[in-house]
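Coordinate inspection notes
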Amino acid sequence: MTNVVMPDEGASIPAKEEQTKMLDRAFREWGSELSGRVAVVTGGARGLGRTIAECLMRSGAKVVAVDKSWEGADAFRQELEAKNGLAVTVDITDDAALDTAYELVMAQFGTVDILINNAALVSETLFYPTGHRNTLDTTDEDWQKMFDVNLFGALKVIRRFIAPMRANGRGSILNVVSSGVLSVSSGGAFYGLRPWTVEMPYQATKAALTALTFYLAEEVRTEGIAVNALMPGHTRTSWFDDTARAFNDIDVVYFMRPAVAEHVLPCTLFLASQNAAGATGRLYYVPEWNYDYGYGDYSAWLDHELPADMEEGYARLEAAMPTYERSGVPHLPFDAQGALYAAAMANMGSREGWAGGSAQ
Ligand SMILES: NC(=O)c1ccc[n+]([C@@H]2O[C@H](COP(=O)([O-])OP(=O)(O)OC[C@H]3O[C@@H](n4cnc5c(N)ncnc54)[C@H](O)[C@@H]3O)[C@@H](O)[C@H]2O)c1
């Protein structure tokens, strides 16, 4: 078995303190821009949305967190409301509920400056807990359900909350998408960045939202509004532990160690503070953005505080992974990640890999 040296991991395990230091710097850099602003975050009760809502609150923004369910999030709801924020229960596919929420926000805060379109179904929540069905094994209803939330829901939210931004001549809209929408070229024709992750209809919805981002940005540029999209890395959010454990039960490690949700915050603070005079019509992959802006490479944000049963699997996987070195990139290229993952699973004696990352 080959020893593991993840090229961007360095000699020591990245410490929580390093992440805290980077976050403190991000707040110093952009936090003051956001103080007093009104920010709407969809899917704000848990996962990435909650982490973003907390971050905007820490910046002094007035935060409206919208979610279809607040189950298990009572403490956060109370904290939000104690800090002059608002927690709203709304299914973003419901026009009437969105109208009511919009009126409530305008009555309470009088305007909206920032909109984070984060609410979504992911493959693991549509096909809970393991996700990942081949395209021909999905139904039309699966596609309808996912497009209703991830595309039409986001559009319904934009249609309403952009109105005060247009009136003010400034604002920032941020759509959360996924790197699975990307295509790349190694010199010739383009091909999918990582179709082996098996994620239809999810990635189709995110590709549509990405296209909407580019076109809307151009259409509202002269009205002062920035519209951007952000692609998080592989992140431990509300569904992650159930999914990882479901795979553990069949002796499969659920892909690589995830990042902590906080890895999206420096880029989110930067984008939330934009208007059309700054960055607009951009699509950022968070790990690349972090690297370029001095917020660490991918390994700096990995989650080293997993529960013991999950830690055991990821530690074994990392110990079984062959060495791959490459300079000038903040994380391994995706095909290399897939190949190394499959090799590590094979080294561990497993014939199965996660989703398309077969070890055979
Ligand atoms: N976790 C990752 O690795 C990852 C990677 C890339 C992109 N993303 C994106 O990040 C965003 C957040 O994902 P997450 O991993 O935190 O998921 P999550 O399931 O933890 O959080 C999603 C939130 O959206 C809410 N929501 C879902 N449908 C809704 C609806 N119809 N109306 C209102 N709220 C609704 C859920 O209740 C939940 O609170 C999504 O847009 C997802 O596509 C996540």
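Residues numbered from 1 in each chain as written. Predicted model: local features only at pLDDT ≥ 70, side-chain atom pairs only at ≥ 80, totals over all residues. Heavy atoms only, no water.

You'll find the protein chain entered in an unreviewed UniProt entry as NAD(P)-dependent dehydrogenase (Short-subunit alcohol dehydrogenase family), with Nocardioides massiliensis given as the organism. The annotation that UniProt attaches to the protein chain under Sequence similarities (unreviewed entry) is "Belongs to the short-chain dehydrogenases/reductases (SDR) family." (UniProt positions renumbered as here; feature names shortened; annotations may be inferred.)

Reading across from one edge, 3-2-1-4-5-8-9 is the order of the 7 strands in this open sheet, with parallel pairing throughout. The open sheet is flanked by strand 3 (86–89) and strand 9 (283–285), the only strands paired with a single partner. For this sheet, the mean inter-axis angle between neighbouring strands, taken without regard to orientation, is 15°. Pairing between strand 4 (residues 114–117) and strand 5 (residues 171–176): 4 bridges, direction parallel. When the bridges of strand 5 are listed, Ile116 appears paired with Leu174. Contacting strand 2 (62–67) and strand 3, helix 3 (residues 74–82) crosses the sheet at an angle of about 130° to strand 3. In the packing of helix 8 (residues 202–220) onto the sheet, the strands contacted are strand 5, strand 8 (225–231) and strand 9, and the crossing angle to strand 8 comes to about 160°. (Pairing = 2+ DSSP bridges. Helix = DSSP H or I, 4+ residues; strand = E, 2+ residues; numbered from the N terminus. Axes fitted to C-alpha atoms, helices over the stretch in contact; angles between N-to-C directions. Contact = heavy atoms within 4.5 Å.)

Cis geometry is found at the peptide bond from Tyr128 to Pro129, where omega equals -5°. Among the secondary structure elements, Pro129 is positioned in the loop between helix 5 (123–126) and helix 6 (140–161). Here His132, not a glycine, exhibits a phi torsion of approximately 60°, which is positive. Here His132 is to be found in the loop between helix 5 and helix 6. Within the chain, Phe255 stands out as a residue other than glycine whose phi angle is a positive 50°.

Before going further, it helps to examine the side chain of Asn175. When you line up the elements, Asn175 lands in strand 5. Look at Asn175 and you get buried, because its relative accessible area is 0%. A polar contact of 3.1 Å, which involves the side chain of Asn175, links it to the side chain of Asn117. If near-sequence neighbours (up to four positions away) are discounted, Asn175 is found in contact with Asn117, Ile158, Leu209, Leu212, Thr213, Val227, Asn228, Ala229 and Leu230. (Buried < 20%, exposed > 50% of the residue type's maximum accessible area, 1.4 Å probe, protein only. Polar contact = N/O pair within 3.5 Å; in protein donor to acceptor, adjacent residues only side chain to side chain.)

Its volume calculated, the second largest pocket comes out at about 360 Å³. Taken together, 19 residues form the lining of the second largest pocket, with Val184, Leu193, Glu288, His331 and Phe334 sitting closest to its centre. If you list the elements that add at least two residues to the lining of the second largest pocket, you get strand 6 (183–185) and helix 13 (334–347). Among the residues making up the lining of the second largest pocket, the classes are represented as 11 nonpolar, 5 polar and 3 charged. (1 Å grid on protein atoms, 1.4 Å probe; cavity = no way out; pocket = protein on both sides within 12 Å on 5 of 7 lines; lining within 4 Å. Points joined across faces, edges and corners; volume = space filled by probe spheres on them. Nonpolar A, V, L, I, M, F, W, Y, C, P; charged D, E, K, R; others polar.)

Our next topic: the pattern of salt bridges. All chains considered together, the criterion is met by 19 salt bridges. Linking Lys21 and Glu18 is a salt bridge whose minimum nitrogen-to-oxygen distance equals 3.1 Å. Within this pair, Lys21 and its partner Glu18 are both found in helix 1 (residues 16–34), separated by 3 residues, close to a single helical turn. Residue classification places Lys21 among the exposed positions, given a relative accessible area of 53%. A salt bridge links Arg194 to Glu199; the shortest N-O distance between them is 2.7 Å. We classify Arg194 as buried; its relative accessible area is 11%. In this structure Glu199 comes out as buried when scored by relative accessible area, which is 12%. Among the charged side chains, a network of salt bridges with common partners joins Asp95, Asp99, Lys156 and Arg160. (Salt bridge = Lys/Arg side-chain N within 4 Å of Asp/Glu carboxyl O.)

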